[in-house]
Structure formats: structure tokens, C-alpha cells
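Architecture at a glance
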Amino acid sequence: MNYKTLTATLLLSCLPLLSQPLLAADKPVAKPATTVTTAKESGKVNLNTANINELTALKGIGEKKAQAIVDFREKQGKFTTVDQLADVSGIGPATLEANRDMIIVK
């Protein structure tokens, strides 16, 4: 194998790495306006303390659904389980499952 062939082989072997889509490219992560909480330290969103900016960082949650979560929390009290998120108007099982690993209740 000559030098040009080796160089071409190495460059071509790197192409799959460069063509991978960014996982978080679908939605920019909103930065919360408040200070650090224990849930933020774990990298998860606490349904009982998250503000609208933190909630909109979740998959499929826009401002209206984030407001619905906050309203539900204020009306019904704190979430006791992650599954309770499906009780919020506009949040279905698919949205719950898409975010299950990113949310907690404390």
C-alpha cells in the first residue's frame, strides 16, 4: 500500500464520524433563569420545581404544555410519580415515554 492509498483510506474511515447527526440538534436546551437545584445537578428535570424554561427543554413540551404542567402542579399539588405527568392536559403516553429518563419527582 502506498502513502496516497493509506491517506485516502484513513480519511474515508473518518467520514462516518463526521456524518452522524447531533442528538440534541432538534431543540436547543433552554437555560433556566433560576439557580442550581438538586435535580439539575443530576441532569434531570424535577416536575415539582421546574420552571417553564426547564420544562420546554423536554421533548415535545412547548410553552403551552409547560404552562399546563405548572398549572396542574399548582392546582393538584406536587407530583408524586413520574407517571402522573400523563394526567396533564395535552401530555400523552408517547410524550411521557420520550421524557421518562429525563424527569424526576422530589
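This one's a predicted model, so the numbers in the text were calculated from it and none came from an experiment.

1. Description of helix 4 (residues 63-76)
- Here helix 4 contains 14 residues, and its C-alpha end-to-end distance of 20 Å stays within 8% of the 20 Å for a straight helix at 1.5 Å per residue.
- Among the residues of helix 4, those classed as buried are A66, I69, V70, F72 and R73. End-on view of helix 4: buried residues confined to an arc of 155°, all on one side of the axis. In helix 4, the exposed positions angled more than 90 degrees off the buried face are occupied by E63, K64, E74 and K75.
- Those residues of helix 4 hidden inside the fold are in contact with helix 3 (52-55).
- Looking at the residues trailing helix 4, positive phi occurs at G77, about 95°.

2. Here we look at the UniProt feature "domain: Helix-hairpin-helix DNA-binding motif class" (unreviewed entry) in the chain
- Under the present numbering, the feature "domain: Helix-hairpin-helix DNA-binding motif class" (unreviewed entry) in UniProt falls on residues 53-72 and 83-102.
- Span residues 83-102 is 35% helix and 0% strand, its end C-alpha atoms 13 Å apart.

3. Comments concerning the nonpolar core
- Counting 17 residues, the largest nonpolar core has L55, I61, I69, L85, V88 and I103 as the members making the most contacts within it.
- With four residues, helix 4 is the single largest residue contributor to this core.

4. Digging into the side chain of T95
- For T95, the position within the fold is in helix 5 (residues 93-99).
- The exposure class assigned to T95 is buried, which follows from its relative accessible area of 14%.
- Setting aside residues no more than four positions away along its own chain, T95 makes contact with K59, G60 and I61.

5. Focus on the environment of M102
- Relative to the helices and strands, M102 resides in the loop between helix 5 and strand 2 (103-104).
- The sequence separation of M102 and K44 amounts to 58 residues, and the corresponding C-alpha distance is 4.8 Å.
- In this structure M102 touches K44, V45, L58 and K59, once residues within four positions along its chain are discounted.

6. What to know about the pattern of salt bridges
- The final tally for this structure, using the stated rule, is two salt bridges.
- Residue R100 pairs with D83 through a salt bridge whose shortest N-O separation is 2.7 Å. One end of the pair, R100, is in the loop between helix 5 and strand 2; the other, D83, is in the loop between helix 4 and helix 5, and 17 residues separate them in sequence.
- With a relative accessible area of 29%, R100 lands in the partly exposed category.
- Classification of D83 by relative accessible area gives partly exposed; the value is 43%.
- Between E97 and R100 there is a salt bridge whose closest N-O contact spans 2.8 Å.
- It is possible to trace a salt-bridge network through shared partners that takes in D83, E97 and R100.

Cut-offs and rules
Residues numbered from 1 in each chain as written. Predicted model: local features only at pLDDT ≥ 70, side-chain atom pairs only at ≥ 80, totals over all residues. Heavy atoms only, no water. Helix = DSSP H or I, 4+ residues; strand = E, 2+ residues; numbered from the N terminus. Expected span 1.5 Å × (residues − 1). Buried < 20%, exposed > 50% of the residue type's maximum accessible area, 1.4 Å probe, protein only. Arc of directions from axis to C-beta. Contact = heavy atoms within 4.5 Å. UniProt positions renumbered as here; feature names shortened; annotations may be inferred. Core = buried A, V, L, I, M, F, W, Y, C linked by side-chain atoms within 4.5 Å. Salt bridge = Lys/Arg side-chain N within 4 Å of Asp/Glu carboxyl O.

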